[in-house]
Amino acid sequence: MTATSEQAAKPLPRPGHKVMETARLAAIQPSRLSGTRAFMNKMIRERWDISNVLFDVDANAEGTVVYSIKAPDQEFSFIGFSRPPSRTARTGRIIGQAWDMMGALIEGPATEAEIETARREIPKLYTGRATPGTLIWCRSNRSMRVFDQTLEALARGRQPDVTDLAKVCYLMRNTGLDGNGTFGTRSFPTLGARHALGGVLQAQLLTAYLMREFSCDLVEHLAAKRSDKAVRLDPKLRRYIGVGNGSALGLIFFVHKHPRLIDGLIAARESAIAMARGLKLTPADPRVARLVELLAQAIVFRKQDRMVYETFASSAEVAADLEKLVEALKEFRRSGTVLGRKADYPLDILAFEFEAELVPEAYETFLSLLIELVPEDADRLLEAVHAPDEFNVSPAETVESLANLIREEYRWALDTDMSGPDAYKYVWYKSETAEEPRRGAREEVPDALDLGLDVCGGIQALHGDLAKATPALSIARFLMKHPEHRFMVARVQSLRGLGYHTPRANINAEAFVPIDLVRLMNVGIHGIDKTRDFLSRNLRGVLYHGAPTPDDLRSGYTGTWYYPAEPVL
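Residues numbered from 1 in each chain as written. Predicted model: local features only at pLDDT ≥ 70, side-chain atom pairs only at ≥ 80, totals over all residues. Heavy atoms only, no water.

1. Here we look at the overall build of the protein
Moving on, step 1. Across its full length, the protein carries 23 helices and 13 strands.
Moving on, step 2. Relative to the globule expectation of 25 Å for 569 residues, the C-alpha radius of gyration of the protein, 25 Å, shows essentially globular dimensions.
Moving on, step 3. Along the first, second and third principal axes, the C-alpha atoms of the protein reach 80 × 65 × 45 Å.
Moving on, step 4. The proportion of buried residues among the 569 residues of the protein is 57%.
Moving on, step 5. A separation of at least 24 residues holds for 74% of the contacts in the protein among residues at least 6 apart in sequence.
Moving on, step 6. Carbon and sulfur atoms make up 50% of the accessible area of the protein, which totals about 23,900 Å².
Moving on, step 7. The centroid of the 72 positive side-chain charges in the protein is displaced by 2 Å from the centroid of its 74 negative side-chain charges. (Helix = DSSP H or I, 4+ residues; strand = E, 2+ residues; numbered from the N terminus. Rg over C-alpha atoms; globule rule 2.2 N^0.38 Å. Buried < 20%, exposed > 50% of the residue type's maximum accessible area, 1.4 Å probe, protein only. Contact = heavy atoms within 4.5 Å. Areas by Shrake-Rupley, 256 points an atom, 1.4 Å probe, with all protein chains shown as cover. Lys, Arg positive; Asp, Glu negative; His and termini not counted. Charge placed at Lys NZ, Arg CZ, Asp CG, Glu CD.)

2. Concerning the pairing of strand β1 (residues 49–57)
Moving on, step 1. Judged from the 8 bridges that link them, β1 and strand β2 (residues 63–70) form a sheet pairing that is antiparallel. Looking at the pairing, I50 lines up with I69 of β2.
Moving on, step 2. With antiparallel pairing between neighbouring strands as the criterion, β1 and β2 make up a hairpin whose turn holds 5 residues, including A61 at a positive phi of roughly 75°. (Pairing = 2+ DSSP bridges.)

3. Looking at the pairing of strand β5 (residues 134–142)
For a regular strand, side-chain orientation follows a simple rule: the groups alternate between the two sheet faces.
Moving on, step 1. Among the 9 residues that make up β5, 9 are buried, leaving the element largely enclosed by the rest of the structure.
Moving on, step 2. Pairing analysis gives 6 bridges linking strand β4 (residues 101–107) to β5, with the strands arranged antiparallel. Paired with A104 across the two strands is W137, which belongs to β5.
Moving on, step 3. The sheet contact formed by β5 and strand β6 (residues 170–179) spans 7 bridges and is antiparallel. Each bridged residue has a counterpart across the sheet, and for W137 the counterpart in β6 is D178.

4. Some points on the packing of helix α13 (residues 315–335) against helix α14 (residues 346–354)
Moving on, step 1. Axis separation between α13 and α14 bottoms out at 11 Å; the angle between their running directions is 145°. Remark: the crossing between α13 and α14 carries right-handed chirality. Across the interface between the two elements, K324, L325, A328, L329 and F332 of α13 pack against P346, L347, L350 and F354 of α14.
Moving on, step 2. In terms of residue class, the contact of α13 with α14 is made up of 8 nonpolar, no polar and 1 charged. (Axes fitted to C-alpha atoms, helices over the stretch in contact; angles between N-to-C directions. Left-handed = near helix turned anticlockwise from the far one by under 90°. Nonpolar A, V, L, I, M, F, W, Y, C, P; charged D, E, K, R; others polar.)

5. Section: the side chain of E331
Moving on, step 1. With respect to the secondary-structure elements, E331 resides in helix α13.
Moving on, step 2. For E331, which is buried and forms no salt bridge, the nearest opposite charge comes from R334, at a distance of 5.5 Å. (Salt bridge = Lys/Arg side-chain N within 4 Å of Asp/Glu carboxyl O.)

6. Some details on unusual backbone geometry
Moving on, step 1. Residues other than glycine seldom take positive phi values, yet A61 does so here, at roughly 75°.
Moving on, step 2. Of note, the phi angle at L339 is positive, near 55°, even though the residue is not glycine.
Moving on, step 3. For L339, the location among the structural elements is in the loop between β8 (337–338) and β9 (341–342).

7. So, the packing of aromatic side chains
Moving on, step 1. For the structure shown, the criterion picks out 12 aromatic pairs.
Moving on, step 2. Directly above the ring of Y563 sits R37, whose terminal nitrogen or CZ lies 4.8 Å from the centroid.
Moving on, step 3. For the cation-ring pair, R139 lies above W99, with the distance from its terminal atom to the ring centre recorded as 5.2 Å. (Phe/Tyr/Trp six-rings, centres within 6.5 Å; stacked < 30°, edge-to-face > 60°. Lys NZ or Arg CZ within 6 Å of the ring centre and 35° of its normal.)

8. Observations concerning helix α11 (residues 259–277)
Moving on, step 1. Along its 19 residues, α11 runs 27 Å from first to last C-alpha, staying within 8% of the 27 Å computed at 1.5 Å per residue.
Moving on, step 2. Buried residues dominate α11, accounting for 16 of its 19 residues. (Expected span 1.5 Å × (residues − 1).)

Dropping the structure here:
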């Protein structure tokens, strides 16, 4: 089967059964709708003013910093406490006792009282309490080798070696962004849509950006303390440097806890892709040239990528596949044909024909870049995402109606084999020592409380009991007899009609690959680049790789900052 211009005229978003397979979710690449890119676009558009108002740090890296962040109608402050790197008790985990930087993002200008309160409370972590206007508490550690190499180079009056820097792409790594009520921080739902940081994850995203700025300011400051010959980072290098990020299995719980958010973000992406695929284009249309330009930038980025990937497609494979798309677009620009056929809707034909030919990461990169051709529509879709976490039971619905809904929308869960020996081979629990989510063989932790959401088992049990009940019985009366199903009933009813809310997998089965959903969150949702996987459980990547500096934001940045090429100094 081949796509025709008629088929391409009104393409629809990809169906949920196709997108929500975990291997496909893992392949989704950063786009205009991903957290870092969307928030950076907001700061660029609104020309946020970010400046350092205090940098009281000694030569040993001990001290206090304060940044002022001015959005069009609101002001924020970032209070940071720098420490010399500790060789003991230094870890990226929540159980750590020492970090190279701890900080707080607060509303309004930072007063002396707020600075001192943050200095006293943040190191206590679980026993500490934030001030009422605090949005985020954060922690970060240096990448010791790269930070020290950069410091040494700047102190000697030269720029650091780009080759060494490109192996990591950051000076510091985020090890914690806590908010939304944690430690007494302000609850995000109270911010409201008009708040400058009222959008999805925006308080965390701003804090991560400030970590990037602090790391660059710190290395320049320490170099100047060390030598009169010291120089500042070249602006091209400063943009290239991001902030590191490490994530593990806890993000899988986030996916299951916030299904409306996951659905809203993926639905916005799929709708924007469909809009772009439906563009009627001529060979001379500037949007075709723009897409070729974006693909070329992505190809260079991938070819220069020095990361080693254990599980995912290599950047060399992705670059080679993207070059196939560039050649097809060049054909269209020359002759108005795609793969030898006349085409009014070339992007839909390309998406149709190349899906099976490209590695998933390359195909999803192409789809992400298509969104850049419909920027206003995409931004409106993102702004419309409304994702309350609450589930409510519809008590008047009948047993027959709910059973029909389950058969219609959860056929995949009903068809999943939950009776085999591997269906419940693994259990999700919280580590007593590390206080972090873990996945282990059930036989090794027989007394563990399973914290994972058993969608397949819950749906099958609910459907089985519904089948035994009178069809006309109300759900209210059904739940009086089966209160154990209340959560799953509320979840199914509340998510009725949504296509992208739940990954289609049994997370307790041996075949489930945990890193797939961690990667969805890190790459597709957050917009992290160069995500390297470790043991299919942990990811490390780079936030704000290539992002404009505060000076760029003030002056009115107009470039394409993502997919940065290695700087030529």
